[in-house]
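Analysis of the macromolecular model
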Amino acid sequence: RLLSWFDQHGRHDLPWQHPRSAYRVWISEIMLQQTQVATVIGYFDRFITAFPDLQSLAAASLDQVLAHWAGLGYYSRARNLHRAAQICVDMHAGSLPRDLDALRALPGIGRSTAAAILSQAHAERVAILDGNVKRVLSRHAGIEGYPGLPAVERQLWREAESRLPDAALAARMPDYTQALMDLGACVCARRQPRCTQCPIASDCV
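Here is a short report on the structure shown in this document. On a predicted model such as this, the values are computed, not experimentally measured, just so you know.

Here we look at the pattern of salt bridges
Counted by the stated rule, this structure contains nine salt bridges. Residue glutamate 161 is joined to arginine 111 by a salt bridge in which the shortest nitrogen-to-oxygen separation is 2.7 Å. With a gap of 50 residues between them, glutamate 161 in helix α10 (residues 150-162) and arginine 111 in helix α8 (residues 111-122) connect regions that are remote in the sequence. Overall, glutamate 161 belongs to the partly exposed group, its relative accessible area being 38%.

Description of helix α3 (residues 37-50)
Between its terminal C-alpha atoms α3 stretches 20 Å, which fits the 20 Å expected from 14 residues at 1.5 Å a residue. Residues of α3 that are buried include every one of Val37, Val40, Tyr43, Phe44, Phe47 and Ile48, and no others. Buried-residue contacts for α3 involve α2 (22-31), α4 (54-59), α5 (62-69) and α6 (76-91).

So, the environment of isoleucine 128
For isoleucine 128, the position within the fold is in the loop between α8 and α9 (131-141). Spatially, the C-alpha atoms of isoleucine 128 and phenylalanine 44 are 21 Å apart, while their sequence positions differ by 84 residues. Residues in contact with isoleucine 128, not counting those within four places in the same chain, are Ser112, Ala115, Ala116, Ser119, Val133, Trp157, Ala160, Thr177 and Met181.

Overview of the packing of aromatic side chains
All told, the structure shown has four aromatic pairs when counted by the stated rule. Seen from their ring centres, tyrosine 23 and tryptophan 26 are 6.1 Å apart, and the 65° between their planes marks the pair as edge-to-face. Of this pair, tyrosine 23 and tryptophan 26 both sit in helix α2, separated by three residues, roughly a single helical turn. In this pair, the class of tyrosine 23 matches that of tryptophan 26, namely buried.

About the criteria used
Residues numbered from 1 in each chain as written. Predicted model: local features only at pLDDT ≥ 70, side-chain atom pairs only at ≥ 80, totals over all residues. Heavy atoms only, no water. Salt bridge = Lys/Arg side-chain N within 4 Å of Asp/Glu carboxyl O. Helix = DSSP H or I, 4+ residues; strand = E, 2+ residues; numbered from the N terminus. Buried < 20%, exposed > 50% of the residue type's maximum accessible area, 1.4 Å probe, protein only. Expected span 1.5 Å × (residues − 1). Contact = heavy atoms within 4.5 Å. Phe/Tyr/Trp six-rings, centres within 6.5 Å; stacked < 30°, edge-to-face > 60°.

Here it is as structure tokens:
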């Protein structure tokens, strides 16, 4: 149901989707932390033009990176990007690692961001749990409590992992991941959710 909805109503023209490389997904995921998609698009395009790959980002000065981040705020994100790029050049042959734990060991990359990179760029069967997905799962599964509490978050991770597509749909992991984020952002909004447009509202708890 979610994939069918995504095919018709999801976002298919985001700049980091074309191509959906690990580097581009990573940059977008970091920019999208605490920032809306509409704001990020312009920054992403300019950042990628200045630093088209991981090696160019690692070789840049921190001042250059911060200059292209100016206006996005939360500047620790840019510092972490720069440092992580340098670590990848030094320790991972100039590429983002394809191992979840190795990704999480890089500055600024948490469990959900690492999973987003692997699922979208490499179609790996791993669950994400960003703010939008927490809201979707909390409402659909009837999970009460503040999502940031460890006990609640553990429940949400279990839900996220239990709902991953089976092997027959493994190739669509990038779309499934994007669909969850799109559903939370565009339909299952924090205020005034559009439940009549939700493809999974019929069995909400």
